[in-house]
Amino acid sequence: MNDHMNNELGWMLDEVVKMPEARHAILLSADGMLRAHSAGIDRDEAERQAAALSGLQSISRSTAEFCDGEQTPWQQTLVEFVGGYVFLIAAGPGAYLAVSATSEVDMEAVTYRMQKLVDRLGKELTSPPRQDTSWQGSPA
């Protein structure tokens, strides 16, 4: 993974965990590769969690027909533990956002912040590189 990309998107992930009781945020690819992580989790742990969360997302998608007789698109997975929650949502084509929090977190606020972050990440991940348009000369 490109460390510059990690640092570039990591600050955006830090924003989602700047609320009471939120712990960590990870951006991962569908194949389990870490794309970015918040400052509160070290890279090795974030990579391990990205791999596990990719599997969780895959299992969640495969159980969609249990919810509805037809193939229902997956939107979110929530896992509850005694000490907290893990939220996992789609963050664009082939990308997922995961946030961990304590059991005292405002769950609605977390999911709202995650959706807002996904909107911002989508623009960041799909924006083409900026080109210098200041040169006004004629082409050679």
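Residues numbered from 1 in each chain as written. Predicted model: local features only at pLDDT ≥ 70, side-chain atom pairs only at ≥ 80, totals over all residues. Heavy atoms only, no water.

### Thoughts on the sheet that holds strand β5 (residues 95-102)
- An order of β2-β1-β5-β4-β3 is seen for the 5 strands of this open sheet, with the pairing classed as antiparallel. The sheet is open, and its two edges are formed by β2 (34-37) and β3 (76-81), each paired on a single side. Each strand of the sheet is rotated relative to its neighbour by a mean of 15°, with strand direction disregarded.
- Against the sheet, helix α2 (residues 43-62) contacts β1 (22-29), β2, β3, β4 (84-90) and β5, and its axis sits at roughly 70° relative to β1. (Pairing = 2+ DSSP bridges. Helix = DSSP H or I, 4+ residues; strand = E, 2+ residues; numbered from the N terminus. Axes fitted to C-alpha atoms, helices over the stretch in contact; angles between N-to-C directions. Contact = heavy atoms within 4.5 Å.)

### A look at the confidence of the model for the protein chain
- The predicted model of the protein chain has a mean per-residue pLDDT of 84, with 81% of residues at 70 or higher.
- Within the model, pLDDT remains below 50 along residues 1-7, and this stretch shows 11 contacts once partners closer than five positions in the same chain are excluded.
- pLDDT under 50 marks residues 132-140. Its contacts with residues more than four places away, or in other chains, come to 0 contacts. (pLDDT = per-residue confidence, 0-100.)

### Looking at the environment of Met33
- Within the element layout of this structure, Met33 appears in the loop between β1 and β2.
- Spatially, the C-alpha atoms of Met33 and Glu47 are 6.9 Å apart, while their sequence positions differ by 14 residues.
- Those residues within four positions of Met33 in sequence are excluded, and the remaining contacts are Leu27, Leu28 and Ala50.

### Brief notes about α2
- Here α2 spans 29 Å end to end across 20 residues, near enough to the 28 Å set by a 1.5 Å rise per residue.
- Restricting attention to buried positions, one finds in α2 the residues Ala46, Ala50, Leu53, Ser54, Gln57 and Ser60. All buried residues of α2 lie within an arc of 130° about the axis, which places them on one face of the element. Along α2, the residues that are exposed and aim more than 90 degrees away from the buried face are Asp44, Arg48, Ile59 and Ser62.
- On its buried face, α2 is in contact with β1, β2, α3 (64-67), β3, β4 and β5.
- Backbone nitrogen of Asp44 and a side-chain oxygen of the N-cap are separated by 3.2 Å at the start of α2; the cap is Asp42. (Expected span 1.5 Å × (residues − 1). Buried < 20%, exposed > 50% of the residue type's maximum accessible area, 1.4 Å probe, protein only. Arc of directions from axis to C-beta. Polar contact = N/O pair within 3.5 Å; in protein donor to acceptor, adjacent residues only side chain to side chain.)

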